[in-house]
Amino acid sequence: MTQVLTFLGLESSCDDTAAAIVRDGPDGTQILASVVAGQTALHAPFGGVVPEIAARAHAEKLDLCVEEALEKSGLRLTDLDGIAVTAGPGLIGGVMSGVMCAKGLALGAGLPLVGVNHLAGHALTPRLTDDVAFPYLMLLVSGGHCQFLIAHGPEEFTRLGGTIDDAPGEAFDKTAKLLGLPQPGGPAVEAEARTGDPKAFAFPRPLLDRPGCDMSFSGLKTALLRARDAVVAEHGGLPRKTRADMCAGFQAAVADVLAEKSRRALAQYMDHAPAQPTLAVAGGVAANQAIRTRLETVSQEFGATFLAPPLALCTDNAAMIAFAGIERFRRGARDDMSLSARPRWPLDQSAPALLGSGKKGAKA
Ligand code: KG4
Ligand code: ZN
């Protein structure tokens, strides 16, 4: 009989400080509390996440988030069975803040400590929300990540490919900036795109001509910059309709790339003869309706279920860390006071390194 386990999770690898309490047992999984304190306003004047500011804010907010999560769940530290914490990959100062806080709590309360890979947290979310059976295909698509993973087990992942430069969310944010739209760019660009003509501008579909599932989004941003400059040179400004056309053209290019690469990833994944074929997404870009619709259509081509968890669990949160901690703990994983923070920590150690480091830290 599966033992009931209640874990506190901590997340501080980027620009969200989060604490959550998750209970998992024979009757299913419950999120008893999930607190997320964002830092958008702190970084807004700088046009990107400033690692030092992020680390300080995490150090200041973590214990408050823990207190709030405990209060909301009606539990005390002594009611818990363990503490899970993001130990990487991410911005190192933030990850260290979380690991130090978790060590202090674990030592003080005499609880087991489990270090969790942030990407594993995202990748295991379909099991937290829908109890999806292994193996399933996962597309992480956010401001910091973009990769296809086959999840074979809580600690076994095969990476089929990923971005070799920008993440799609980063490209949405940069596009918004270039077109004078507010941050975060994704929702702003999506709203503009609704009234635009996706065919008015022919933006490139990078790496579609190459086999495999790797992606690239930085060339798209350069093409958009050139197109914008040409329009401004000709008209002395950017007409509203042209801006909408550019957003629609950009979004269509990202959707085309993600759809075609998902098709290739699904073809590889189906070779594993999954019992419940599933393509799941995580990350802020999964909020984009146009992209979701395309991914759903591609999934149907393969007879696979398309799964998009609620947005609050697609973006950075600590419930996914608590849950991933429970999954690791059930398999015997335990860390001690030597647990260290890792800026880079690929889920699939055998896959070649994805190059580059985005504004939100290492890519993998
Ligand atoms: O997962 P997330 O909250 O944070 C990390 O990247 O860690 O993702 C945020 C990213 C931002 O780049 C944002 O512009 C993008 O997700 N995003 C979207 C949409 N909503 C958020 N991108 C496209 N369309 C959207 N509707
Ligand atoms: Zn994340």
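Our subject is the structure listed above.
Residues numbered from 1 in each chain as written. Chains lettered and ligands numbered in written order. Predicted model: local features only at pLDDT ≥ 70, side-chain atom pairs only at ≥ 80, totals over all residues. Heavy atoms only, no water.

Chemist: Would you mind showing me how to read the overall build of the protein here?
Modeler: In terms of regular secondary structure, the protein is built from 11 helices and 12 strands. Scaling as 2.2 N^0.38, a compact globule of 364 residues should have a C-alpha radius of gyration of about 21 Å, and the protein matches this with 21 Å. Its C-alpha atoms put the protein at 70 × 50 × 35 Å along the principal axes. Counting the 364 residues in the protein, one finds 57% classified as buried. For the protein, the proportion of contacts with a sequence separation of at least 24, taken over those separated by at least 6, is 72%. (Helix = DSSP H or I, 4+ residues; strand = E, 2+ residues; numbered from the N terminus. Rg over C-alpha atoms; globule rule 2.2 N^0.38 Å. Buried < 20%, exposed > 50% of the residue type's maximum accessible area, 1.4 Å probe, protein only. Contact = heavy atoms within 4.5 Å.)

Chemist: Just checking my understanding: could you explain the site of ligand 1 for this structure?
Modeler: Around ligand 1 sit 19 residues, and of these Gly143, Asp173, Gly186, Glu190 and Gly284 come closest. A distance of 2.8 Å separates a nitrogen atom of ligand 1 from a polar side-chain atom of Glu190. The separation between a nitrogen atom of ligand 1 and a polar side-chain atom of Asn288 is 3.0 Å. Protein contact buries 90% of the 550 Å² of open area that ligand 1 shows by itself. When residues of the shell around ligand 1 are traced back to their parent elements, those giving at least two are α5 (168–178) and α6 (185–193). Here the element with the most residues in the shell around ligand 1 is α6; it accounts for 4 residues. (Near = heavy atom within 4 Å. Polar contact = N/O pair within 3.5 Å; in protein donor to acceptor, adjacent residues only side chain to side chain. Areas by Shrake-Rupley, 256 points an atom, 1.4 Å probe, with all protein chains shown as cover.)

Chemist: I would appreciate a short explanation of the nonpolar core in the present structure.
Modeler: Taken as a class, soluble globular proteins show a tendency for nonpolar side chains to be buried jointly. In terms of nonpolar packing, the biggest core is built from 82 residues, with Phe203, Phe217 and Leu258 touching the most fellow members. Element by element, the count of residues in this core is highest for helix α8 (residues 240–270), at 13 residues. Among the nonpolar cores identified, the runner-up in size contains 27 residues, and Leu8, Leu10, Ile21 and Leu70 belong to it. (Core = buried A, V, L, I, M, F, W, Y, C linked by side-chain atoms within 4.5 Å.)

Chemist: Before we go on, may I ask you to explain the packing of helix α7 (residues 218–235) against α8 in this structure?
Modeler: If you want to describe how two helices pack, look at the angle between their axes and the distance between the axes. At a closest axis distance of 11 Å, the pairing of α7 and α8 adopts a crossing angle of 165°. Between α7 and α8, the interaxial angle falls into the category roughly antiparallel. The handedness of the crossing between α7 and α8 comes out as right-handed. Facing α7, whose interface residues are Leu220, Leu224, Ala227, Arg228 and Val231, α8 presents Thr242, Met246, Phe250, Ala253 and Val254. Taken together, the residues of the contact of α7 with α8 sort by class into 8 nonpolar, 1 polar and 1 charged. (Axes fitted to C-alpha atoms, helices over the stretch in contact; angles between N-to-C directions. Parallel < 35°, antiparallel > 145°, perpendicular 65-115°, else oblique. Left-handed = near helix turned anticlockwise from the far one by under 90°. Nonpolar A, V, L, I, M, F, W, Y, C, P; charged D, E, K, R; others polar.)

Chemist: Explain unusual backbone geometry here, please?
Modeler: Glycine aside, residues mostly have negative phi angles, and peptide bonds mostly take the trans form. Cis geometry marks the peptide bond from Gly88 to Pro89, where omega comes out at -15°. For the peptide bond that leads from Phe134 to Pro135, omega is -10°, which places it in the cis range. One can find Pro135 in the loop between α4 (118–130) and β6 (136–141). If you check the backbone angles, Asp131 has positive phi at about 50° while not being a glycine. Turning to its location among the elements, Asp131 is positioned in the loop between α4 and β6. Of note in the backbone geometry, Ala273 takes a positive phi value of approximately 45° without being a glycine. Residue placement: Ala273 occurs in the loop between α8 and β9 (278–282). With relative accessibility at 64%, the residue Ala273 sits in the exposed group.

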